[in-house]
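# Reading the structure
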Amino acid sequence: MSSQPEFSIDLSDLTNIFEYAGSHLLAICIELEKTKLTLLLKARNTVGRYLNWEAEAFTLPWIGLCSGLSVSPPLSQNLRYHIGVVAMKQLYMVAKFEDIYDAFMTLKVTPVGPWMKGHIANTYHHAWWKGSFANMPDEDLLGSYPNCVELKAIIAEHYQQLPEGTGLVMPATLIIPKSMPVAQQLSNIAGEVEHEGHQIVKMLEDKVIEAQIVAASLLQMESALGEDIRAAIGAMDKLAKFLKRETSA
């Protein structure tokens, strides 16, 4: 008989996970603002590793789960941007961890709306940004991730710190299978890869970030969309080469 605690998840749980991830990143951004002008290259690489870990621990697996369950995840603007950069790193479109740090530091601390709907908390689990985080990376932390039960407990504790009603944000919503906007976009990319012109260039610019997010998350979690994603990645590579040729012409 298994000794693992029973785990269940619903749409409100998924919403809270993404809200927590945005709140976590805002707390990090506030702290990093204090050192962004003095942080050396090695330290930027270390922070980039931590930021990559943030996405892998709190967001990417759940985006993959949402895709497999035909759920539209309520990602905030800045969370979507950060996950897009991390996805590009995992797809070898961004070369170095310091590039993740540099991209992250282009995001503004205020207003908080692009980060999350609620309030920042006083304390956070896995608060690696406190203390001398840039000098000696915590390899134990970077090599492990909270499991589903642990994450649900962390988020419950997080909301206990916040004013009543903070958790009442727009929930994740069910959608028709295989009609998720990003899935539709990936299908369009694969189907129109042979066409040339400004329409394809615009499609690449508008849709590639969301496609990368789903692709990277599904590389970590098997789902019904896996084959579609692998086909779309190949199409994206061809489109990227086409865009480079068009812009250099």
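The model shown is predicted, which means the values in this text are computed figures rather than measured ones. (Residues numbered from 1 in each chain as written. Predicted model: local features only at pLDDT ≥ 70, side-chain atom pairs only at ≥ 80, totals over all residues. Heavy atoms only, no water.)

### Describing the overall build of the protein
Counting secondary structure elements, the protein contains 10 helices and two strands. What you see in the protein, going N to C, is helices and strands ordered as α-α-α-β-α-α-α-α-β-α-α-α. For the protein, the proportion of its 249 residues judged to be buried stands at 47%. Across the protein, the fraction of contacts at a sequence separation of at least 24, relative to all contacts at a separation of at least 6, is 86%. Working note: accessible area of the protein is about 13,300 Å², and carbon and sulfur atoms make up 56% of it. (Helix = DSSP H or I, 4+ residues; strand = E, 2+ residues; numbered from the N terminus. Buried < 20%, exposed > 50% of the residue type's maximum accessible area, 1.4 Å probe, protein only. Contact = heavy atoms within 4.5 Å. Areas by Shrake-Rupley, 256 points an atom, 1.4 Å probe, with all protein chains shown as cover.)

### Some remarks on the confidence of the model for the protein
For the protein, per-residue confidence averages 74 on the pLDDT scale, and 61% of positions sit at 70 or higher. Highest mean pLDDT in the protein belongs to helix α5 (residues 97-104) (93); lowest belongs to helix α8 (residues 181-191) (48). When the criterion is pLDDT under 50, residues 183-197 qualifies, and its contacts beyond four places in sequence or with other chains add up to 28 contacts. (pLDDT = per-residue confidence, 0-100.)

### Observations regarding the nonpolar core
By size, the foremost hydrophobic cluster in this structure holds 50 residues, and its most contacted members are I28, L32, V47, L51, F104, W115 and W128. Mapped by element, the contributors of at least two residues to this core are α1 (11-32), α2 (41-58), α3 (60-68), α4 (77-90), α5, α6 (139-142) and α7 (148-160). Looking at which element gives the most residues to this core, the answer is α1, with 11 residues. Excluding residues within four positions of it along the chain, W128 makes contact with I28, V47, Y50, L51, E54, F133 and L141. (Core = buried A, V, L, I, M, F, W, Y, C linked by side-chain atoms within 4.5 Å.)

### Digging into the packing of aromatic side chains
Evaluated as defined, the whole model comprises eight aromatic pairs. Taking the centre distance of 4.4 Å and the plane angle of 5° together, the rings of Y50 and W128 count as stacked. A residue pair is termed long-range when its members are at least 10 positions apart, and Y50 in helix α2 and W128 in the loop between α5 and α6 qualify at 78 residues. The same class applies to Y50 as to W128, namely buried. Their ring planes at 85° and their centres at 5.6 Å tell us that W53 and F58 sit as a pair that is edge-to-face. In terms of burial, W53 and F58 fall into one category: buried. One aromatic cluster is present, built from ring pairs that chain together Y20, Y50, W53, F58, Y124, W128, W129 and Y145. Positioned above the aromatic ring of F97 is the side chain of K89, whose terminal nitrogen or guanidinium carbon lies 4.3 Å from the ring centre. (Phe/Tyr/Trp six-rings, centres within 6.5 Å; stacked < 30°, edge-to-face > 60°. Lys NZ or Arg CZ within 6 Å of the ring centre and 35° of its normal.)

### Re α7
Given a rise of 1.5 Å per residue, 13 residues ought to cover 18 Å, and the 19 Å separating the end C-alpha atoms of α7 matches this to within 8%. Among all positions of α7, only L151, I154, I155, H158 and Y159 are buried. Burial along α7 is one-sided: seen end-on, the buried residues are contained in an arc of 130°. Here the buried face of α7 lies against α1, α2 and α3. The residue sitting at the N-terminus of α7 and contributing the capping side-chain oxygen is N147; that oxygen lies 3.1 Å from the backbone nitrogen of V149. (Expected span 1.5 Å × (residues − 1). Arc of directions from axis to C-beta. Polar contact = N/O pair within 3.5 Å; in protein donor to acceptor, adjacent residues only side chain to side chain.)

### Here we look at the packing of α2 against α5
Helix-helix packing is characterised by the crossing angle of the two axes and by the distance between the axes. At a closest axis distance of 7 Å, the pairing of α2 and α5 adopts a crossing angle of 80°. In this view, α2 runs roughly perpendicular relative to α5, as classed from their interaxial angle. Here L41, R44, N45, V47, G48, R49, L51 and N52 of α2 come into contact with α5, specifically with F97, E98, I100, Y101, D102 and F104. Considered class by class, the residues forming the contact of α2 with α5 number seven nonpolar, three polar and four charged. (Axes fitted to C-alpha atoms, helices over the stretch in contact; angles between N-to-C directions. Parallel < 35°, antiparallel > 145°, perpendicular 65-115°, else oblique. Nonpolar A, V, L, I, M, F, W, Y, C, P; charged D, E, K, R; others polar.)

### Things to note about the packing of α2 against α4
Two numbers describe how α2 lies on α4: the axes approach to 10 Å, and their chain directions differ by 100°. Considering the angle they form, α2 stands roughly perpendicular to α4. Contacts from L51, N52, A55 and E56 of α2 reach α4 at H82, I83, V86, K89 and Q90.

### What to know about α5
Within α5 the residues assigned to the buried category are E98, I100, Y101, A103 and F104. For α5, the secondary structure elements touched by its buried residues are α1, α2 and α4.

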